[in-house]
Amino acid sequence: MKELIFGLIGGTALLMYGVDKMGDGLEKASGQMMKKMLSFFTGRVWSAFLVGIVLTVLVQSSTAITVLTVGFVNAGLMKLPNAVGIIYGANIGTTITAQLMAFSFKFKLTEIALPVLGIGFAISYFVKNKTMKHAGDALMGFGLMFLGLKILNSGVPFLQTNETLRFFFRNYAAIPVIGILLGAIATALVHSSAATVGVVMILGQSGLINLETAVLLMLGDNIGTCITAQLASVSGNIHARRTAWAHTLYNIFGVLLVAVLFSPFIWMIETVTNYLAVTFGFGSAIDAQIANSHTVFNIVSAIVFLPITKYYVAFLEKFIRSKGNDDDNKIQYLNKLLLDNPASAFRASMLEIIRSAEIAKKMLLSTMEGLYNHDQKKLDWVNTEELVLNSLQRDITSYIIDISKRPLSDDESVMVPAMVNVINYIERIGDRSEDLVDLIKTAQDRNLRFSSDAIKGLKGLQSLIMNMYDDAIKAMSDWDIELAKKTSEVEEQVDELTRLLGDAHLKRLEENKCSVEAGVIYLDIVTNFERIGDHIYKLCLNLIQGLQGGKKEEK
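Residues numbered from 1 in each chain as written. Predicted model: local features only at pLDDT ≥ 70, side-chain atom pairs only at ≥ 80, totals over all residues. Heavy atoms only, no water.

A.B. asks: Break down a nonpolar patch on the surface for me, with residues and values.
C.D. replies: A cluster of nonpolar side chains, contributed by Phe-167, Phe-168, Tyr-172, Ile-175, Val-177, Ile-178 and Leu-182, occupies part of the molecular surface with about 610 Å² of accessible area. Position of Ile-175 relative to the elements: it lies in the loop between α10 (163–173) and α11 (176–190). (Patch = residues over 30% accessible without salt bridge, like charges linked within 9 Å, V, L, I, M, F, W, Y side chains within 5 Å. Areas by Shrake-Rupley, 256 points an atom, 1.4 Å probe, with all protein chains shown as cover. Salt bridge = Lys/Arg side-chain N within 4 Å of Asp/Glu carboxyl O. Helix = DSSP H or I, 4+ residues; strand = E, 2+ residues; numbered from the N terminus.)

A.B. asks: Hey, could you go over the side chain of Gln-230 for me, with residue numbers and the actual values?
C.D. replies: Along the chain, Gln-230 turns up in helix α14 (residues 227–233). Judged by relative accessible area, Gln-230 falls into the buried class, the value being 17%. For Gln-230, the side chain forms a polar contact with the side chain of Thr-248, separated by 2.8 Å. Not counting chain neighbours up to four residues away, the residues in contact with Gln-230 comprise Ala-244, Trp-245 and Thr-248. (Buried < 20%, exposed > 50% of the residue type's maximum accessible area, 1.4 Å probe, protein only. Polar contact = N/O pair within 3.5 Å; in protein donor to acceptor, adjacent residues only side chain to side chain. Contact = heavy atoms within 4.5 Å.)

A.B. asks: Describe in detail unusual backbone geometry, supporting the description with residues and values.
C.D. replies: A positive phi angle, close to 55 degrees, is found at His-374, a residue other than glycine. Along the chain, His-374 turns up in the loop between α19 (342–373) and α20 (376–404). Taking relative accessible area as the criterion, His-374 reaches 46% and is therefore assigned partly exposed. Phi is positive for Asn-447, which is not a glycine, with a value near 60 degrees. Among the structural elements, Asn-447 can be located in the loop between α21 (410–445) and α22 (452–478).

A.B. asks: Give a detailed account of the environment of Ile-354, specifying residues and quantitative values.
C.D. replies: Mapping Ile-354 onto the fold places it in helix α19. For Ile-354, a relative accessible area of 11% gives the class buried. Linking Ile-354 and Met-476, residues 122 residues apart in sequence, is a C-alpha distance of 6.8 Å. Discounting residues that sit within four places of it in the chain, Ile-354 has contacts with Ile-473, Met-476 and Ser-477.

Pasting the structure below:
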C-alpha cells in the first residue's frame, strides 16, 4: 500500500513536471517565432485558428498560448476575433501530448524513459548553443513524462484489485456531474489538462473506469484548464477579460454539447479509434480511445464554432461588460505576461505612453480653456489629472525596467532609456500644466486681466506647441522616425515666437497697456509654454533614438 501511494504521488509529480518542462523547453527552443506570430498576427479567424494549432503543437501547452493571447489582447496588439480563432486552434494542438502518451503505451516508450532523460540532460548540460539547450530541456521533459507514466503504470495491478477504488469510480465518478467536476478540479489544481488526461489513461488501463467515465473526466479537464487564463485576465482590461471568457465559455459550451449528445459521441470515439487502428495501425485500447476523445472533442467544438465566430464575439462584447475600473487611473495595456517577449512588451509600453501623452494634452488644453473662459472647474480637473499622470509614469517606468531585466538585443537595450525618458518628459508637460494652473489662479484671485493682444499672442504660441505635440503623438503611434525628426525642428520656431511675445509684452508695458503684476504672470505663462516646447523637443529626440532601435529589431 505504501509503495502504491508513494508511486501515485511521485509518478503524478513527474508526469506533471515532465509535461511542464517539455512545453517550456519547446517554447524556448522555438525562439521568438511563436511570440512574433502571435504579437503581429492580423489575419482572419481561419488563419488564426491554424496558427493556434501550429504554435501549440510546437510548444505543447495550450495554457501558454492562451495566456499569452490574453496578454496580447490586453495590450491592444490583437483583436478579439483573432484571439478567439487562436484559442480554437490551441485547444486542438494541445491534444498531441495525450496522443504521445497513448503512443508510448502501445510502443512501450515508457521503457526508454531513463535513456531519453539522460540524453536530454547531456544536451542541456554540455551543449553551449541556447536553442539546443532548450531542445535538451524539452527532451528531458519527454523522459520525465514517460518515467512518470511508467511509475503510475506500475501501480495498475494493485488498482485492479482494490475494491474501494472500484466502488468509488463506478458509483460516483460515473455520475456525469461528479465526473466532470472531478476532472475540472484536478486540472485547475495542476494547470495542465495533458497531465490529468495521462492519469485518466492509467485509470482506464487499470479497469477502474470505462470509456464513458473517462470521457466525463476529460470533459472536466477542458473546463479546468480555463482557470489559468481567467487568473491572467484578473488585472487586465475588458478586452483581456473577454478573451479569457471566450476560452472558458467555448469549452463550457462544448462540454454541454457533448453531454447532450453523449451516446453518439461515445460511438464516434469508438468508430474513429477502430478506423485508425485498422487503417494506420494505431492503438485500439482504452488509452487510445481517451486520447482520441480529447482530440475529437476539440475538433468538433472548433467545427461548430468557427462558422459562428462573428456572432460569438458579438455575444462576448454584449454580455462581458466593463467592471467600471477601466479608466484613466489604471494602466490599460501593460501586462506581465508580455515581459518575456520584449518586442510585444515595448509595443504595449508605447501604447500606454501614448495614452499618457493624450492625458497630458487634455490637461494643457483644459488649462488654457480655464484661462480664456475663467473656468475654475477646468483648472481643478487639471490638478486631479496630474496625480493620475504621476501614477502612470511610475507604473510605465517600473514596467520598462522589468523589460530591461530580460535578455535583450542591442537595439532593444537602446529602447529602455529612450522610452523611460519619453514618459518622464510627458510627465513634466503635466507638471508645467499644473504650474500654469497656479499662475492662472493667482491672476484670477487678484482680478488681473491680460490685454487682447497678449491673449492673441498666447493663442498663437499654444497653437504652434499643440501642433508640435500632436505630431509627436502621431510619431509615437505610427513609429514614424521622419515625423519625429520634423517635429524636433519646430522647437526653434517656438523659441523665436517666445522671444517675439516677450518683446511685444515689454512694449505694452512701456505704453501702459498692461500692469506690471499682470505682466510678470504673463511672462511666466509664456516661459512655461516655452519649457513645454523644450520637453516635446527632447521627447522627440529620445523617441527617434528608441524608434531607430525598434525599426532595426523589426527588420
